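These are the residues of each chain, in order.
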Amino acid sequence: MPDVALLIDWENVYYTLRQHTTGPLPSTLSILQAILQKAAEFGPVRVKLAIFGQEVAAQDETLLMALEFTGMEPIAVAQRMSGRLLKGRSDAVLITRALKLLYKERQDIDYWFIVSGDRDLNALCKAIKDEDKHVYLIAGDKSLANELRDSPYLRDDVFLLEDLIPQARWTRTALRADDTQVDKPQPPAELARRTPQRPGRVPARVRTEPHVPAVVPTASPESDKEQRRLAVLLLDQLVALHARAMPRGDFVTSVVPLSQKEASSVLEQRIDAGIDQGTVLAKLEGRARAKAKQMLAPNMSSALVAETIFHLVRVLRRIDTVTSKDTRRIPAVEAVLDPLSRADQPGGLTRGRSQRRLLLETLFNIAEERGAIQTEQVEREGRQITMCWLAEGHPLVVYARQPAASIVHLFNFVASTRAKGERIDWVNQALFAELLSRVEGDALESTMRRAVERGVMRPEEHGKKAGFVIDQTHQEVRTVLGEFDRLNGEVRPAMAALPAGELEALPAPTITTPVVAASSDPAAGVPRKRTRRGRRGGRGRRGGQGPKKAATGDAAD
């Protein structure tokens, strides 16, 4: 597939949404993902640039976080000089960077996506077309210059932000009445794409099927960021299925549509890297040898997985604790990310408060991408504040709301950071207050007390320090750490009372059901003798077809 370059004038997108929509704005991350998804339909996006002014960055506090998560290169442009506000500087930077890529750095790129509708881009589009490249524009209906809209020589097609971001409450959809293309014939696909929604109806925000955008991430498959995303993907799928593991082929097809081969290969690379690094457990059952039959599950004992899921549960439970009937939406940065990043943690892969803040932002974005967290932007005192809330019924939300989820993952996280020779089932009591007080709020003491009453943990001193010891065999602990078929008590009766690995030790009458009464043939009640096939079995060898040959010989006599 041909390579794609995506250059975004974020100032143009931001003010288009501010001026031509009503009500709260969609989150910055969802807007960037919608634009990125459209560009990825034409091939892997190898170049991703976002140019924005410092004034816009000051108003949108989640912009840099969303750019980092989507792998876009941020290019900040100074907008004030000697106290005066300068306009149009983003266009100049975009044109300069695009021409540098076109003529010097990336002459192999065939498809160019320019996210802006300013008429200043006429010369840039003409230069790209003169090099026999394809140019596509993404812009708002009202912010797209008629010169770009009317001339097919300057661009191949135009995609409207109204179509890419339907969840925004646009003041008007479709083309303008005075537009130069209103009366021109359009192909059926274009007519279907530009068909306006029913007047007065706002599309409901529902959870879509899990997917991975068909883009080539900037991070390598072995990077911590990609492995953390893979761990959350696996957790989401297994909790939704109430399964302890799932086949690799089913996991890939359930996350990535079959038509997106590029995304499938990207996910396969991350699975292979996770297996090599020990963050993913892969096992073949029975006689299966195909790679797609590998049973995948996150390795909860891995330091990276333990840290990832622990902080993911902290983020989700923090939102659940702060939100209430009166405050159903809370500021994402002020009420979630800032308080959680202040806590100090022992060890772990993320060292320092800045790295832990970046980890929390990454996990917040992953949870939003999976649909567990819903967000919208509201304006307060001239700034865009991202408000968030949990999606009811989402598998990750159900998992985080398990009574012992935060406590069990605290033990699991601390155990993954312990050196050899130290106790891995003991946690200092001070860590509960440090890491879970902002998560559980005033309910922390009652949560710990109920965990002791249920037998999840018990108090025990270690070196004159107060602490707790977890019971690894407790049903709640095993459920949170991988036996997801026990979630909410929805476990198969045959497996409910059995520890893992003991089903094979049961005698045959307890796991098989006789079927003699279901048949009138007396011979049907006699079980067929099982014969081995392979090196010693098979046709014409001992143990393979011996009884059948003897019967044939008697008939011949």
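Remember, it's a predicted structure, so these values are computed and weren't measured experimentally. (Residues numbered from 1 in each chain as written. Predicted model: local features only at pLDDT ≥ 70, side-chain atom pairs only at ≥ 80, totals over all residues. Heavy atoms only, no water.)

Describing the overall build of the protein
The number of helices and strands found in the protein is 23 helices and 19 strands. In the protein, which comprises 557 residues, the share counted as buried stands at 48%. Relative to all contacts within the protein whose residues are 6 or more apart in sequence, the contacts with residues 24 or more apart total 66%. Carbon and sulfur atoms make up 52% of the accessible area of the protein, which totals about 28,000 Å². (Helix = DSSP H or I, 4+ residues; strand = E, 2+ residues; numbered from the N terminus. Buried < 20%, exposed > 50% of the residue type's maximum accessible area, 1.4 Å probe, protein only. Contact = heavy atoms within 4.5 Å. Areas by Shrake-Rupley, 256 points an atom, 1.4 Å probe, with all protein chains shown as cover.)

Describing the environment of Leu-359
Checked against the element boundaries, Leu-359 lands in helix H15 (residues 353-370). The class of Leu-359 is buried, set by a relative accessible area of 5%. Along the sequence, Leu-359 and Leu-312 sit 47 residues apart, while their C-alpha atoms lie 9.5 Å from each other. Not counting residues within four places of it along the chain, the set of residues in contact with Leu-359 comprises Arg-228, Glu-307, His-311 and Thr-350.

Section: the confidence of the model for the protein
Taken residue by residue, the protein gives an average pLDDT of 78. The fraction at 70 or more is 75%. Below pLDDT 50 for its whole length, residues 173-216 participates in 78 contacts with residues either more than four positions away or in separate chains. Residue range residues 490-526 is modelled with pLDDT below 50. Its contacts to residues more than four positions away, or to other chains, number 22 contacts. (pLDDT = per-residue confidence, 0-100.)

Topic: the sheet that holds strand E12 (residues 280-283)
Read across the open sheet, the 3 strands follow the order E11-E13-E12; overall the sheet is antiparallel. Looking at strand neighbours, the two that pair on one side only are strand E11 (246-247) and E12, the edges of this open sheet. In the sheet, E12 pairs with strand E13 (residues 295-298) via 4 bridges, with the strands oriented antiparallel. Opposite Lys-283, over in E13, you have Met-295 as the bridge partner. This element, helix H10 (residues 224-241), spans E11, E12 and E13 of the sheet and lies at about 110° to E13. (Pairing = 2+ DSSP bridges. Axes fitted to C-alpha atoms, helices over the stretch in contact; angles between N-to-C directions.)

Notes on H10
Taking 1.5 Å per residue as the helical rise, H10 with its 18 residues ought to reach 26 Å, and the 26 Å between its terminal C-alpha atoms agrees with that figure. His-242 sits one or two residues past H10 and shows a positive phi near 55°. (Expected span 1.5 Å × (residues − 1).)

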